[in-house]
Amino acid sequence: MRRLSPPRTSQIIIFAVLAFFLIWWVPFSHVLPDGVPLRLPPYRTYQASMIAMWVIVALGLNILTGYNGQISLGHGAFVAVGGYTAAILMVDYGWPFWVTIIAGGVIAGALGFLVGIPALRLTGPYLAMATLGLALATPQILKKYDGLTHGTQGINVRPEVPPTPEFIKDWFGISLTNDQWIYLLVLFIAFLMAILALNIVRSRIGRAFVAIRDSEIAAQAMGISVPRYKTMAFAISAFYAGVAGGAYVQVVGYVSPESFGFLMSINFLTTIVVGGLASTLGSVLGAAGLVLVPSELPGLLGHIPGFNVSQDLSWAFYGGALILTMIFAPYGLAGLFHRSVRRVSSWAPRSRAGILVGLVVGVAVAAGVGFALGLAAFLITTAWVWAPPLVGVGARSYSRWVGALRSPLGSPGRAEAGPEAPSSQDHPDAER
Amino acid sequence: MAEFWQQVVGGLATGSVYGLLALALVLIYRSTSVLNFAQGEMAMFTTFIAWSILQWGEYWIMFPLVLVIAAGIGALVERVVIRPVEGAPVLNIIIVTLGLFAIFNNLASWRWGGIPKGFPTPPEIHVTGIKFFGGGALDVGPTAVSYHDLTIMIFAVGIMIALYLFFQYTPLGLAMRATAQNPVASRLMGIRVGRMLTVGWALSAVVGAVAGLLIAPLVLLQPPMMMGVLLYAMAAAVVGGLDSPVGAVVGGLIIGVSEALVGTYTPKDLLGPDMKLTVTLVIILVVLLVRPTGIFGRRTLRRV
């Protein structure tokens, strides 16, 4: 029987809608009667809004890094530009919020285009370092030129944040708190941007991006203008980050130079690699993971009885989870998802039911993997701490185990790992 | 003019530390083609170990001990976490080093706490009547150079010479250079490529540890102390060219000096000390635009 190909756009959109609905449903559980455990505090709504905002950035960064192969460690700068543009226009000029979000995206996109021009000359780690410089310089610039940016005190947008419109109550008969309304808003933007991203990467432009990533010379030979598409990728990606910045302003209600440190930029890159490069689904999963895992891990670890130090060490466990994800899921959470869908649907009869089962299993795998990895990191470290005599045996069987797991990924020789091979998919590395 | 030379010498000293850490980055980059984001945190961790040893031991007993421990940590990291992702895409390995960053940082603040600790400069030694290391300052022409700055520069130069001799004149160094250049051919020639990588990580951890020991007296010993240094070191490695050890040190010196001068000599209201990082980064960008693979970096040849 023929194996099913990986899920198509329509299926991914279905999945995205499902996932969004699940996330959406939780904050709106206030319509449930009192005492139902799903009624969650406003903090969860805030978290869900942050996830939606991170999804927007990750979608854009994935277009640049995942599809076009240019590493950016400076996307925090574009988010900052978008956020500050939106905040200044709202507070100092009184523009309506939705115009400021678009304006933030456009200004950041223009900046991205300008950054993309010098980036044409740089590849791999050199480009990564140059963009990291952008992320490092941003807070300093925001503090220094305080005539426009209000300096270190930041801008409080809270009074200008859009109030819950009347029509929601009229149409749906539910009254939303303001943060729930903002959440809906950001979610809607994220959804639009996801559809836009899916369309971009499957269009002529997206194919040009991928062709350039896989081999610039071959792409050029096919008549693709490499400079045009590379700067375009930068501009689109920065536009996404700018829109996310505008969304950030609505969610947090406040911007300051400290909001956009360079660690944020590094976290964005982590998001798309952990989620899965060149995958829209990966951007969504990665954003959820990167927002939830660091903030939930201390609490989860605290539940483990008799291991009090674990809470202080939660960041180390997070690091361990990152490493284990990269070892066991080299194509990220999306890769894990696709693989499990394929596994299940190859057993099941080829039917809609089979695909559905595959999707459900995939969702379950992707959702459980973060927790499982944290737990695995915990178990491995405790085993190694508490049972030193086992380490020798454990290490040996561990490396054999890893070797067995990695073997389908191709030969382990390092010759393939050239300095400019930033994309995850197994494309030939033409530059040596 | 005295102030100018003062700034230059101070810049050269901090630049030497950047250069050392950049050297550590380059040692790993040459063999693995990965920027090790955990390099600074590994150095911070070994410096904390050094501080613990100093609670009961002499400085010059601690020094070799810490280098051995650092080598052990570097080798262990390569074996346990880098080996399993050896053939993976570069970005994946970068994420692994970010995970290591979190682990070392968290372990250090868990074990030693976040309160900054003082760290001693190397105690003075008299060799044939000339004073080495220790405190105080030495008058050189129009300016005074602190002994610790001199110590840093002596160590930087010493390590460079030692590494040069190691790579040029020892069989192990030759094998490591061969591995960096062509792993497949090296394996066919009977070089144990995996072992060379482990040695490379150990060596790089040792160089990083020295950088940590030298910078700790200036910035106080605390978990985030190497973060800024690492960023400057990365910039230094990139400016010099990521596959060039000489470039790393030269890049470090360029960045150290330009950082010091920008902080002093640019107009305060427009740029000034607050913006020295930004201006330094602009300088780096300009250098990269002229030479996209750094000053000493090899240009990558493209073969279709």
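All figures in this text were calculated on a predicted structure; none of them were measured in a lab. (Residues numbered from 1 in each chain as written. Chains lettered and ligands numbered in written order. Predicted model: local features only at pLDDT ≥ 70, side-chain atom pairs only at ≥ 80, totals over all residues.)

1. What to know about the overall build of chain B
Across its full length, chain B carries 11 helices and 4 strands. Along the first, second and third principal axes, the C-alpha atoms of chain B reach 55 × 50 × 40 Å. Looking at chain B residue by residue over its 304 residues, the buried ones come to 49%. Nonlocal contacts in chain B, meaning residues at least 24 apart in sequence, comprise 71% of its contacts between residues at least 6 apart. (Helix = DSSP H or I, 4+ residues; strand = E, 2+ residues; numbered from the N terminus. Buried ≥ 20, exposed ≤ 12 C-beta atoms within 10 Å, placed from the backbone. Contact = placed C-beta atoms within 7 Å.)

2. Points about the overall build of chain A
The helix and strand tally for chain A stands at 17 helices and 2 strands. Taking all 432 residues of chain A together, the buried fraction comes to 49%. Within chain A, contacts between residues at least 6 apart in sequence are counted, and of these 75% link residues at least 24 apart.

3. Considerations on the pairing of strand β4 (residues 143–146) of chain B
Residues and elements named next belong to chain B. Of the strand pairs in this sheet, strand β3 (residues 137–140) and β4 are connected by 4 bridges, and their pairing is antiparallel. Residue pairing across strands places L138 opposite V145, the latter belonging to β4. Counting the residues that bridge the hairpin from β3 to β4 gives 2 residues, and of these G141 lies at a positive phi of roughly 55°. (Pairing = 2+ DSSP bridges.)

4. Observations concerning the packing of helix α4 (residues 97–119) of chain A against helix α11 (residues 226–252) of chain A
Packing of α4 of chain A against α11 of chain A leaves a shortest axis separation of 6 Å and a crossing angle of 145°. Every pair of crossing elements has a handedness; the one defined by α4 of chain A and α11 of chain A is right-handed. (Axes fitted to C-alpha atoms, helices over the stretch in contact; angles between N-to-C directions. Left-handed = near helix turned anticlockwise from the far one by under 90°.)

5. Thoughts on the nonpolar core
With 214 residues, the main nonpolar core has I56 and V186 of chain A together with L21, L25 and A233 of chain B as its most contacted residues. A total of 17 residues in this core trace back to one element, the largest contributor, which is helix α8 (residues 193–219) of chain B. Contact partners of L21 of chain B, with chain neighbours within four places excluded, come to Q39, G40, A43, G208, A211, V229, L230 and A233 of chain B. (Core = buried A, V, L, I, M, F, W, Y, C linked by C-beta atoms within 7 Å.)

6. Concerning helix α5 (residues 147–169) of chain B
All names here are of chain B. Here α5 spans 32 Å end to end across 23 residues, near enough to the 33 Å set by a 1.5 Å rise per residue. Listed as buried for α5 are D149, T151, I152, M153, A156 and I159. Of the surrounding secondary structure, the elements contacted by the buried residues of α5 are α1 (2–32), β4, α8 and α10 (245–265). (Expected span 1.5 Å × (residues − 1).)

7. Overview of the confidence of the model for chain A
All names here are of chain A. Here chain A averages 75 in pLDDT, while 67% of its residues score no lower than 70. When mean pLDDT is taken per element in chain A, α11 scores highest with 95 and helix α17 (residues 391–406) scores lowest with 41. Residue range residues 1–6 is modelled with pLDDT below 50. Its contacts to residues more than four positions away, or to other chains, number 9 contacts. Long-range and interchain partners of residues 32–39, a stretch whose pLDDT sits below 50, account for 6 contacts in this model, where long-range means more than four residues apart. (pLDDT = per-residue confidence, 0-100.)

8. Things to note about unusual backbone geometry
Positioned with a positive phi, A278 of chain A is a non-glycine residue whose angle comes to about 55°. For A278 of chain A, the location among the structural elements is in the loop between α12 (262–275) and α13 (280–302). A tally of 26 C-beta atoms within 10 Å means that A278 of chain A is categorised as buried. The phi dihedral of L220 of chain B is positive, around 70°, even though this residue is not glycine. Tracing the backbone shows L220 of chain B in the loop between α8 and α9 (225–240). L220 of chain B gets classed as partly exposed once you count the C-beta atoms within 10 Å, which come to 13.

9. Considering the environment of V99 of chain A
Residues and elements named next belong to chain A. With respect to the helices and strands, V99 occurs in helix α4. Residue V99 is classed as partly exposed on the basis of its C-beta count, with 14 C-beta atoms lying within 10 Å. Residues V99 and L127, 28 residues apart in the sequence, show an inter-C-alpha distance of 32 Å.

10. Details of the packing of helix α3 (residues 75–93) of chain A against α4 of chain A
Residue and element names in this part refer to chain A. Close contact between α3 and α4 brings their axes to 8 Å; oriented N to C, the two are set at 140°. For α3 against α4, the interelement crossing comes out right-handed. Contacts between α3 and α4 involve F78, V81, G82, G83, T85, A86, L89 and M90 from the first element and F97, T100, I101, A103, G104, G105, I107, A108, L111 and G112 from the second. Of the residues belonging to the contact of α3 with α4, the class tally is 11 nonpolar, 7 polar and no charged. (Nonpolar A, V, L, I, M, F, W, Y, C, P; charged D, E, K, R; others polar.)

11. Topic: the environment of D139 of chain B
Structurally, D139 of chain B can be placed in strand β3. Taking the C-alpha atoms as reference points, D139 of chain B and V85 of chain B, separated by 54 residues in sequence, lie 52 Å from one another.

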